[in-house]
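Results of the structural survey
The lines below spell out each chain.
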Amino acid sequence: QEDQFKKVISHAKEYGYIFQSSEIYDGLSAVYDYAQNGVELKKNIREYWWKAMVQMNENIVGIDAAILMHPTTWKASGHVDAFNDPLIDNKDSKKRYRADVLVEDYCAKIEAKIDKEVTKAAKRFGESFDKDQFLSTNPRVLGYQEKINTILSRLARSLENEDLADVKALIEELEIADPLTGSKNWTDVKQFNLMFGTQLGASADSSMKVYLRPETAQGIFVNFLNVQKTGRMKIPFGIAQTGKAFRNEIVARQFIFRMREFEQMEMQFFIKPGTQKEWYQHWKETRLKWHLSLGMGEDNYRFHDHEKLAHYADAAADIEFKFPFGFKELEGIHSRTDFDLKAHEEYSGKKLQYFDSDENKSYVPYVLETSIGLDRMFLAVFSNSLQEEELENGTSRTVLKLPAVLAPTKVAVFPLVNNSGLPELAREIVDDLKWDFTVMYEDKDSVGKRYRRQDAAGTPFCVTVDHDSLEDNTVTIRHRDTMEQKRVKIADLRAIIKEEVDM
Ligand code: ATP
């Protein structure tokens, strides 16, 4: 698994998808740049989402709100007070950790002991081994399980009560050591706000502390009534937005899975209070269907329903995807009640109510949110598509089986040789197809090598122009996934490609 993930990261660099930010200065941690192919893939994912959410839904419209918002926004949303991670420093190593993650990692080690017991017992009992029964009766396993439960519930309780001294006490009682140095010399636990702050305005006394938005959702909430009125929207209706969000993440690892600057694709759906259960189901199903439409394998997705809910939610679920490091959150579906709009009413002193002409009364709508990280979706698509394939002739090939609708380059056109008028005809085909698709012209190395390069870059079609093409206006089109080659009329190329790459 780890090897596969390393391959994903190096392939993303080698094929011009993702570079480390400011690499010549040794990079900036958890910040990445999208390269020439990455920017296309990212744009295509964004468009695929926008088309499904906005274009295909009469009652959903888009906006593009500013990254900087009035600072009171973040008071109202709860981010100033509650968007925190509990941090602890090791006095010897000077390394900083998330206190809750240290405790959770400790529990994961106990969990691993349980797994070991299971493996041992399975060997001992052979065929007759009943795992569930073993887990619920074996005294040693039950002891481990109880220990985990006690630790995690104490952690949850202390965090909820903001009893940070007890979080530190827990770390000391468990004798948790710095994973890098083994030192157990800890500082107190402090809450650390994840928002990036900056100054608006130049002069010392008139400048105002503002934040880079940690989510795009609030730009939608504060514009709710503007959009509803100017767009004459009737409930139920939605507002969608894609854009950058910023979080000063402490546990920043796993490549573009957790970044400090990332992009979200969010949709807030405004509904009549009391109808949230149905809409929650509706959007869970609708969003899962969207994912499945890309054909990346049903088994790679699962729902995770939240038991512990955020302060604004009355129901929440994640769509998890099987990343190279296991199932992890890809998208969240949240029933946010009227928490946000009510809070903005309170802090702004402005009414944010909808007049329902069917019911002849005004109310603050409830909200269902779908929220997906564009970069995380990129990682899901990219890592799932990268495959090493054994071929019939005993060789292997690296192929990036991106869904064709998302591929950065749709077709590469090759002249078989660089003379006899073949380059000219190949150029003509490029110039014609580029009105509809991203097209690439390539004339270096053997055609076999060119195919391999395009396979690894994710290009779904290659077109080769040869001497016969000059006579009969046909070319060879080769399909990335099947490697099948067909002779087709140049005039038919557009339709053949369109069939697979159109959104
Ligand atoms: P996590 O538990 O992984 O930190 P979250 O629950 O804080 O995520 P939300 O606040 O619900 O995430 O954000 C919605 C979506 O935004 C997530 O499902 C994820 O796809 C994406 N996202 C959140 N934080 C990051 C990040 N630091 N880097 C990249 N994507 C992110």
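Residues numbered from 1 in each chain as written. Predicted model: local features only at pLDDT ≥ 70, side-chain atom pairs only at ≥ 80, totals over all residues.

Looking at the overall build of the protein chain
- The secondary structure content of the protein chain amounts to 17 helices and 23 strands.
- Across its three principal axes, the protein chain shows a C-alpha extent of roughly 80 × 70 × 55 Å.
- When burial is assessed residue by residue, the protein chain has 33% of its 503 residues classed as buried. (Helix = DSSP H or I, 4+ residues; strand = E, 2+ residues; numbered from the N terminus. Buried ≥ 20, exposed ≤ 12 C-beta atoms within 10 Å, placed from the backbone.)

Side note on the site of the ligand
- The environment of the ligand is made up of 16 residues, and the closest members are Phe-262, Gly-332, Ser-371, Gly-373 and Arg-376.
- Elements with a minimum of two residues in the shell around the ligand: β10 (261–271), β13 (326–337), β16 (366–373) and α13 (374–385).
- By residue number, the principal contributor to the shell around the ligand is β13, which donates 4 residues. (Near = placed C-beta within 6 Å.)

Some details on the nonpolar core
- In terms of nonpolar packing, the biggest core is built from 87 residues, with Ile-45, Phe-378, Val-413 and Val-463 touching the most fellow members.
- When residues in this core are grouped by element, the largest group, 7 residues, is from α13.
- Among all residues touching Phe-378, those that are not within four sequence positions of it are Leu-41, Lys-42, Ile-45 and Ile-256.
- Ranked by size, the runner-up nonpolar core spans 12 residues in total, among them Ala-99, Val-103, Tyr-106 and Leu-155. (Core = buried A, V, L, I, M, F, W, Y, C linked by C-beta atoms within 7 Å. Contact = placed C-beta atoms within 7 Å.)

Re the UniProt feature "domain: Aminoacyl-transfer RNA synthetases class-II family profile" (unreviewed entry) in the protein chain
- UniProt feature "domain: Aminoacyl-transfer RNA synthetases class-II family profile" (unreviewed entry): in the numbering of this structure it lies at residues 133–415.
- For the annotated span residues 133–415, helix accounts for 31% and strand for 31% of the residues, and the straight-line distance between the end C-alpha atoms is 65 Å. (UniProt positions renumbered as here; feature names shortened; annotations may be inferred.)

Description of the sheet that holds strand β20 (residues 439–441)
- Across the sheet, which stays open at both edges, the 5 strands sit in the order β20-β19-β21-β22-β23 with mixed pairing between neighbours. Each edge of the open sheet carries a strand with a single partner, namely β20 and β23 (485–489). Put simply, the sheet's adjacent strands are angled 25° from each other on average, direction ignored.
- As paired elements, strand β19 (residues 411–415) and β20 share 3 bridges and run parallel to each other. Looking at the pairing, Val-411 lines up with Val-439 of β20.
- Across the sheet, helix α14 (residues 422–433) lies against β19, β20 and β21 (461–465), angled at about 160° from β19, the strand it touches most. (Pairing = 2+ DSSP bridges. Axes fitted to C-alpha atoms, helices over the stretch in contact; angles between N-to-C directions.)

Looking at helix α11 (residues 276–292)
- Between its first and last C-alpha atoms α11 spans 24 Å; for 17 residues at 1.5 Å apiece the expected length is 24 Å, and the two agree.
- Here α11 has its buried residues at Gln-276, Trp-279, Tyr-280, Trp-283, Lys-284 and Arg-287. Seen from one end, α11 has its buried residues packed into an arc of 140°, which puts them on one side. Pointing more than 90 degrees away from the buried face of α11 are the exposed residues Lys-277, Glu-278, Glu-285 and Lys-289. (Expected span 1.5 Å × (residues − 1). Arc of directions from axis to C-beta.)

Remarks on the environment of Pro-179
- Along the polypeptide, Pro-179 turns up in the loop between α8 (164–173) and β6 (190–193).
- By C-beta crowding, Pro-179 is classed as exposed, having 12 other C-beta atoms within 10 Å.
- As a C-alpha pair, Pro-179 and Lys-95 span 84 residues in sequence and 9.9 Å in three-dimensional space.

Description of the sheet that holds strand β5 (residues 96–98)
- Sheet architecture is open: 3 strands sit in the order β5-β4-β6, paired in antiparallel fashion. A strand with exactly one partner marks an edge of an open sheet, and here the two such strands are β5 and β6. In this sheet, adjacent strand axes meet at a mean angle of 45° when their direction is disregarded.
- Relative to β5, strand β4 (residues 84–89) runs antiparallel, the two sharing 3 bridges. Of the residues in β5, the one forming a bridge with Leu-87 is Arg-98.
- Sheet strands in contact with helix α5 (residues 99–125) are β4 and β5, and its direction is about 70° off that of β5.
- The strands that α8 touches are β4 and β6; relative to β4, the one it contacts most, it runs at about 45°.

A closer look at the environment of Phe-192
- Position of Phe-192 relative to the elements: it lies in strand β6.
- Its 14 C-beta neighbours within 10 Å are what place Phe-192 among the partly exposed residues.
- A sequence separation of 149 residues divides Phe-192 from Lys-43, and the C-alpha atoms of the two residues are 33 Å apart.
- The contact partners of Phe-192, leaving out residues within four places of it in the chain, are Asn-84, Asp-85, Leu-87 and Ile-250.

Overview of unusual backbone geometry
- For the bond from Ile-235 to Pro-236, the omega torsion is 5°, close enough to zero to count as cis.
- Of note, Pro-236 is situated in the loop between α10 (224–230) and β9 (237–246).
- If you check the backbone angles, Glu-162 has positive phi at about 50° while not being a glycine.
- Among the structural elements, Glu-162 can be located in the loop between α7 (139–160) and α8.

So, the pairing of strand β17 (residues 386–390)
- Here 5 bridges tie β17 to strand β18 (residues 396–400), and the two strands are oriented antiparallel to one another. Paired with Glu-389 across the bridge in β18 is Arg-397.
- From the end of β17 to the start of β18, which pair antiparallel, there are 5 residues, and Gly-394 there has a positive phi angle of about 90°.

So, the packing of helix α2 (residues 36–55) against α13
- Between α2 and α13, the least distance of the axes is 10 Å, while the angle of their chain directions is 110°. With respect to their mutual orientation, α2 and α13 come out roughly perpendicular. In this structure, α2 meets α13 at a crossing whose hand is right-handed. Residues Leu-41, Lys-42, Ile-45 and Arg-46 of α2 form the contact with α13, whose own contacting residues are Leu-374, Met-377, Phe-378 and Val-381. (Parallel < 35°, antiparallel > 145°, perpendicular 65-115°, else oblique. Left-handed = near helix turned anticlockwise from the far one by under 90°.)

Things to note about helix α15 (residues 447–457)
- Among all positions of α15, only Tyr-451, Gln-454, Asp-455 and Ala-457 are buried. Buried residues along α15 cover an arc of 165° about the axis, so they all sit on one side. Seen from the open side of α15, the exposed residues pointing more than 90 degrees away from its buried face are Gly-448 and Lys-449.
- Its buried side turned inward, α15 meets α2, β18, β19, β21 and β22 (474–479).
- Gly-458, located one to two residues past α15, shows a positive phi value of around 95°.

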